[in-house]
Structure formats: structure tokens, C-alpha cells
Amino acid sequence: MSDLNLNISVNYDPFNLTIERQLPMTGITGIFGHSGSGKSTLLRVIAGLTQNAQGTIICKEKMIFNSETNYFIKAEQRNIGLVFQDSRLFPHLTVEGNLLFAINRCKNPQLNIKDIIELTDLTVLIDKKVTQLSGGEQQRVALARALLAEPELLLLDEPLSALDKQNKSLMLSLLNKVQKTLNIPMYYVSHSLAELQQLADNLLVLNSGKVSHFGNIHQVIHQLNNGGTIHQQTSLSLPIKKHLVDYGLTSLQLNNDQEIYLPLLEQYITKNITEDSTKTDQPKHLRCFIFASDISITKHEHSGSSIVNHLAAKITDISAQQRTTLVTVQCQQQVFYVQISLWSTKRLVLKVDDEIYIQFKASAVHTLDNGDS
Amino acid sequence: MIVQNPDLLALITTLKMAAVTTLILLLIGTPLAWYLAQMRSRYKVFIEALVALPLVLPPTVIGFYLLLALSPQYLPGKIWQELTGQQLAFSFTAIVIGSVLYSLPFVVQPLQKAFEQLGNDVLEAGKMLGAGPLDRFFHIVLPITKASFITAASLGFAHTVGEFGVVLMIGGNIPGETRVLSIALFDHVEAFNYAKAHALALSLLVGSVILLALIYLLNYQRPTDRT
């Protein structure tokens, strides 16, 4: 079993963090929760930066913490990396100096520094003082430095929270690329569901120090829709089908005969811009989300509407919320969440199993790849 | 080579005393400053007050109590005499002990402030990259707080050079052993030998100005361009 087994309890009266869970050591696991939910405390306990915990932590079958036997492997000996929110670069060293600091302490270096510098796009910054870098550049150095320590597990504590939209988008792409290239398992803490939706394979949700949800990212986001704690949304990961440059749209393959359209993803356009990418071996998947409040329901197939996304669906659930109704619909295999007013619910006389149409504008399909936050 | 000039002998004794004192101050002041910077207990203020005592206490008070402690009638002096066969009071060792206590705040305080400003953030970053405690001290703490170490060492050295009351009380005026520049200057003034007093006073003054200028020069940081 190459997982991380957590059985821990941390008390900071009156706050208590209690987790008994096995977390995967593959891909990216998102850790989501609101302020004070215990996300950063959890990372610090895993990293070995706090000893104020009870219980056990077993990483890849190796005990790294056992409070009963007072067994505590120090942070510097755990081979776990951590990218902090505030980069924490060493101000007396250059970019290269910061990277060499990590390499010189790596017990069995396998990675080539040049490869990591290229991967994180630091070539032109290598001789600069870290105090001369922008926030986004500093975080790229922090990421490269953490990677060069070659950790078994990389923890990321809200690494994008201090960045602007453009840098956030760049860093998300970079993290995706890094994970796919190096295959280092990552635990990514954030209070931004949008960030996690773009990156994580699995999602752990913390609520007042307890795990409230854990599982596949899309499924957990959909489960959260009923809790009223997030902006209700449909989370999707779909293959890019076509770029309609002349119309400023990109289409994603939803089902065999259904597509959804979003504003043109210019960064994905290659030489043959109108090529149907689903016909190639590995069509590029795009993570995106649509807020439930951006989708409307109509009982009849539209004609003469400017709205580009119009999909036949079937109602599977109707749930009355405080002032609205959350309608769950199924478009073949894909579920969508629609938030409508109580008045519309009454006026349309909606029932489970009704055949309806959902519609939403292209601009309602959000992805951080096109700079949405 | 035997130095005959009593003022030159006093200068050598002074520099030797200041150098040894500064070295000892850095060795004991660094961990003490680190401990105080990390300490979260309310009792921290008592230790800080003890360290800062020489700043407000007349040197003769410290000198008087040290004289008693280092004399063979009291335990520290007695133990020393039993171990070495020598009297501790009125020796070079005694003036070094006095100087260390008297100059302690000049070394501990700038270091403590530097360690407090440094915080734990970069040290945690170092831990996460596999750096152990000594590695973190020598490759993170020391380079980042280098300016404070220079300041602490220079202030400790300069303050020791300028010492008078404590040295006179516990060291007396033994040429080549405890007779330092400030005492030599006092002797010249008492003997109305103002020309020699001037030479010593002026050299101390110029030396101090040069030393302080060097501290500021070393600590001077050029404004950096932030993007």
C-alpha cells in the first residue's frame, strides 16, 4: 500500500482537527475548506513542522509519526516537500543559489537542474536576486526548489493565493505540467474551489477540523452543491473538439451527439486550427465549470436564441433551497446542476423525469485556462 | 620581542582583552540571543533585564561584586585558585570575565533583534529542503543576519576597548597584564602628562570613529530594484 495513512488529532483549544483517512500518493489531491477549517494545520502535521499532534502517520508503509511511542521523524528527514503561500525563498541567495540549496541536500539526486529550470521557465531569471522577482516568478522558483529536493510527496499550501489572475493561470498550467512530467504526488491546499477544480484528481473537504467529503473531484464538487457552502456548479472534464476561430468559440465533446461551446481557447490553437481534435489519438481534455445560476431551463427546444448551448436533458432531482430550487438534470451520462427561482419552479410545474432543455451562454463555461478566477 | 613602551604595552593588552572578550561574547551571546528570540515564556523579561543590567548599572558596582566573587574568599575565586594555583582577581582572566559581563548586552541585543526579525519562515523552508539545525544556522541564519553579527562583534569590541571602571576594580593596574589604554590615559592625566594623555585619547577617538564607520559601511545596503 503506497498511500498516506493519517490517524491524527490536533488540539488548539477550542479548535480540534481529527482525521482518520487514507490518502492516495498518486496524482493531485486537493484539500479544500474555508478559513480555520484546518487545511494548513493538516499540511504542517504531515510535513513535520508541528509536533502538537496525537496519533500516527504512515507514509508509504513507513511510520513517520507515532505519538504513543514518541516517534517523530523530523521535517528535514521526512523527504516531504512544501511550497508555502509566501514562497519563502532565501533572500541572500540568487535564483540559482536557492535551487542549489535544494540539490545539495538531496540524498539521491535524479533530476537534472537544467530540465527543472526549463520546465519551470526560469532560464532567464537564474542569475537574478530573488528579491528582484515578481510574486509569480518567486513562486515558480519556490516550486522548482521544492522539486529539486525530489520529495516523495509535495505539499502545496495555497501557493497561488497571492498571485494575480494571469500568474494564477500560468502557475496552474505549470503545476499540471510538472505533475504529469515528474509524477510526484501532490497535496494541494486551497480555499478556491476553482483552482482545485482545474488541478485535483481527488478532493478532501475539511469542515471545522473534520473530513466532510472525500473522493473524485467532480463527484465531491457535485456533492457540495447540496451543502449550500459553495457556489453551486457543474464540474466537467471534457475533450476539446474544435476551435471555431472565425466565431470565437471552442467546442467540447459532451456526449456522442452533444457539444458545449465556450469562448475560444486561443492558447490551444495549433497550426491546423480547425482540425477535429477528437479524431486524434489523445484529445486534450479541458477542465471547466458552469455555475448552476448560469443555466436556465426551458420546456421546449429553442429557436432563434443567441444562446449557443442548448441541451436536451431529463430532470433527476428537484431540491428546494432557501430561496431557490436546485434542479439536477441528466444529459445522457453527464449530470448538470441548475439553480432557478422558486417562482420559475412553480410556473414551469417541473417534476422528476420531465424531459426539458437546459441552456447557457458560452461565457458561462469557466476555465482558469482562459483567465477566469 | 619585549615591548618597553608602557603605552604600547597597554595598547597590546587592550587589543588582546577586546579580541578574547569579543570571541567569548560571540560564542555565548549567539545561543543566548537565539534562546531569547525563541522564548515565549513571561520569564523572558527577567533574563533580558539581567543581560541589559550593565547598560544602567555603574561599572564600579559590577566591578565591586566581581572583585568579591573572584577573590579567594568566595567560591568562584576559590575554585579557580585550587585548580590553577593562581589568584583570579587582578589577572588578565579577571578583566576578560568582567569585560564579557559588561559588554554582554552590546552583543546579545542586536543578535536577538536580528533573530526575532528573521522569524521561522525561512528556517521552515530550510527544514523542508532537508537542512538540519547546524546547516540551517550556518547557511541560512548566519548569512541573512551577517550584518547584525558584524554590528554585535564591533560594538562588543569597541565597548571593551573603552572599558575603565570594571577593569580598574577587578584588574588593577598591572603593566602587561591588566593595564589597558583607558587606565594608562587616566594615569597620564593624574600625572599632568597631557601630551601623552592627548596622544592616547586622540588615538582612541580616531580608532572608535574608524571602527563605527566601518560597521556602517559593512551594513550599508544599496537600494535594490524591485520589479
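The structure presented is a predicted model; accordingly, all values stated were derived computationally and were not measured.

## Comments concerning the packing of aromatic side chains
Thinking step 1. Applying the stated criterion to the full structure yields twelve aromatic pairs over all chains.
Thinking step 2. Measuring from ring centre to ring centre gives 4.5 Å for A:F90 and A:F101, while their planes differ by 50°; the resulting arrangement is tilted. Residue A:F90 is found in the loop between β7 (80-83) and α2 (95-104), and its partner A:F101 is found in helix α2; the two are separated by eleven residues along the sequence.
Thinking step 3. Among the residues examined, A:F90 registers a relative accessible area of 0% and is labelled buried.
Thinking step 4. Ring plane angle 70° and centroid distance 5.4 Å describe the contact between A:F289 and A:F291, whose orientation is recorded as edge-to-face.
Thinking step 5. Residue A:F291 is classed as buried on the basis of its relative accessible area, which comes to 17%.
Thinking step 6. Counting every residue linked through ring pairs, the aromatic cluster contains B:W34, B:F115, B:F137, B:F138 and B:F149.
Thinking step 7. In this structure, A:R78 packs its charged tip against the face of A:F72, placed 4.8 Å from the ring centre.
Thinking step 8. Sitting over the face of the ring of A:F84, A:R88 holds its NZ or CZ atom 3.9 Å from the ring centroid.

## What to know about the environment of B:L26
Residue and element names in this part refer to chain B.
Thinking step 1. Relative to the assigned elements, L26 resides in helix α1 (residues 6-38).
Thinking step 2. Considered as a pair, L26 and F138 are 112 residues apart in the sequence and their alpha carbons are 14 Å apart.
Thinking step 3. Other than its neighbours up to four places away in sequence, L26 contacts P31, V107, F149 and A153.

## Here's the deal with the pattern of salt bridges
Side-chain pairs of opposite charge can arise where the charged atoms are in close proximity.
Residues and elements named next belong to chain B.
Thinking step 1. Scanning the entire structure with this criterion turns up 13 salt bridges over all chains.
Thinking step 2. For D187, the salt bridge goes to R179, with nearest N and O atoms at 3.2 Å.
Thinking step 3. Among the residues examined, R179 registers a relative accessible area of 10% and is labelled buried.

Cut-offs used in this document
- Residues numbered from 1 in each chain as written.
- Chains lettered and ligands numbered in written order.
- Predicted model: local features only at pLDDT ≥ 70, side-chain atom pairs only at ≥ 80, totals over all residues.
- Heavy atoms only, no water.
- Phe/Tyr/Trp six-rings, centres within 6.5 Å; stacked < 30°, edge-to-face > 60°.
- Helix = DSSP H or I, 4+ residues; strand = E, 2+ residues; numbered from the N terminus.
- Buried < 20%, exposed > 50% of the residue type's maximum accessible area, 1.4 Å probe, protein only.
- Lys NZ or Arg CZ within 6 Å of the ring centre and 35° of its normal.
- Contact = heavy atoms within 4.5 Å.
- Salt bridge = Lys/Arg side-chain N within 4 Å of Asp/Glu carboxyl O.

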